[in-house]
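# Topology and contacts: notes
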Amino acid sequence: MTESRTATDESVTLPEFVRSLPKAELHLHVEGTLEPELLVRLAERNDVDLPWSSVDEVRSAYDFVDLQSFLDVYYAGMAVLRTPDDYAELMTAYLDRAVADGVVRAEIFFDPQAHVERGVGFPGFMEGFRAAMADARRVHGITSELVLCVLRHLSGEDALATVEAAEPHLDGVVAIGLDSAEVDNPPERFVDAFARARELGLRAVAHAGEEGPPSFITGALDELGAERIDHGVRCLEDTDLVARLRRDRVPLTVCPLSNVALRVVDTLADHPLPRLLAEDLVVTINSDDPSYFGGYVGDNLVAVAETFDLDRDVLVELAANSITASFLEDDVKQIHLADLDARP
Ligand code: ADE
Ligand code: ZN
């Protein structure tokens, strides 16, 4: 790649530079974009009882010690989502922020089981999501598709039944994913659900190696057919696995501010991002649950650039990786990569 002028032009601030990079967001839970203000407003509108009664009280619950302590708040918070309009409002708020961050493509996780168990069916949330995604495309040009995640704290049978129930509603869904509590929940239980989803034409991704061991990454690749690994930071504990990820160009959707908030690492300075880059892995930077973890994708990129004093060329490489690792058609990837190269 030829070096562009802004790659070295220090008169462009770091946040402006980050924003100027066309990028894809590949690890984003739409339920994790529920800002406290919207949460409280929807609770009032839908008459939902919450453990918190004000925006400040909601915010004060955001003090996590691990993934499970976060998931408890995350599942409680999403109980305010009831109607197609609620889901559309949530999605529109995220996509507006993504556009402001220079995101041109978003592959967006959602947790259908967590909505169905509260009595909201596929037609309800899918109608809201699709309307918002179509609007954002029309108004801003951003393209987005959904990743249907199955919850790993539930059974393999429940996951398979969820995929079967989703079949008539897959318009706008590009992939199956696996999320929720990782420890003690290895990927192998979900082989049937992933096999069925792949039969239905979906691509496959899976959370692995966030809190769980490297063997869960290997399991996600071998047993589930995962094409990207969400998080994956613990791969560094297994040199053979690192060699495999490098050789097969398996993308990792890394979420630095999430890893700090959930204490996967003590501080951002302890994050393994520099080692992942030094190992020549296909690293992308993402926000995971930005409302809960203190930053959207641009904030994550700025934070790692400042903490590790990254060259602007590295930021360009991270943006290029995100486009390459997306599930866009090759010709569309080429257009975004050319735009990335041609920045003023
Ligand atoms: N669901 C929402 N955020 C998650 C995360 N970081 N890990 C696993 N499941 C999640
Ligand atoms: Zn996640």
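See above for the structure.
Criteria and cut-off values
Residues numbered from 1 in each chain as written. Chains lettered and ligands numbered in written order. Predicted model: local features only at pLDDT ≥ 70, side-chain atom pairs only at ≥ 80, totals over all residues. Heavy atoms only, no water. Salt bridge = Lys/Arg side-chain N within 4 Å of Asp/Glu carboxyl O. Helix = DSSP H or I, 4+ residues; strand = E, 2+ residues; numbered from the N terminus. Buried < 20%, exposed > 50% of the residue type's maximum accessible area, 1.4 Å probe, protein only. Core = buried A, V, L, I, M, F, W, Y, C linked by side-chain atoms within 4.5 Å. Contact = heavy atoms within 4.5 Å. 1 Å grid on protein atoms, 1.4 Å probe; cavity = no way out; pocket = protein on both sides within 12 Å on 5 of 7 lines; lining within 4 Å. Points joined across faces, edges and corners; volume = space filled by probe spheres on them. Nonpolar A, V, L, I, M, F, W, Y, C, P; charged D, E, K, R; others polar.

Under the criterion given, the structure shown has 19 salt bridges. Asp-86 is the salt-bridge partner of Arg-45, the closest N and O atoms lying 2.7 Å from each other. Of this pair, Arg-45 sits in helix α2 (residues 36-46) while Asp-86 sits in helix α5 (residues 84-100), and the two are 41 residues apart along the sequence. With a shortest N-O distance of 2.2 Å, Asp-135 and Arg-138 are connected by a salt bridge. Highlighted residues: Asp-135 and Arg-138, both in helix α7 (residues 122-140), separated by 3 residues, approximately one helical turn. Exposure remark for Arg-138: the relative accessible area of 62% places this residue in the exposed category. What you see here is one network of salt bridges that share partners, running through Arg-41, Arg-45, Asp-86 and Glu-89.

Counting residues in each nonpolar core, the largest one holds 110 residues, and the members touching the most others are Phe-129, Cys-235 and Leu-315. For Phe-129, the residues in contact, after removing those within four places along its chain, are Val-30, Tyr-87, Met-91, Phe-110 and Leu-146. Membership of the second largest hydrophobic core comes to 7 residues, among which are Val-147, Val-174, Ala-175 and Phe-327.

What follows deals with empty space enclosed by the protein. For the structure on display, the rule yields 2 cavities of 30 Å³ or more. Looking at which element gives the most residues to the lining of the largest cavity, the answer is helix α4 (residues 67-77), with 5 residues. The class makeup of the residues in the lining of the largest cavity is 7 nonpolar, 4 polar and 5 charged. Contributing to the lining of the second largest cavity are Lys-23, Ala-24, Ile-285, Val-297, Leu-301, Leu-318, Ala-319 and Ser-322. Residue assignment for the lining of the second largest cavity shows that the elements contributing at least two residues are β1 (23-25), α15 (297-308) and α16 (312-324). A total of 3 residues in the lining of the second largest cavity trace back to one element, the largest contributor, which is α16.

Just geometry here; none of it tells us what the structure is for.
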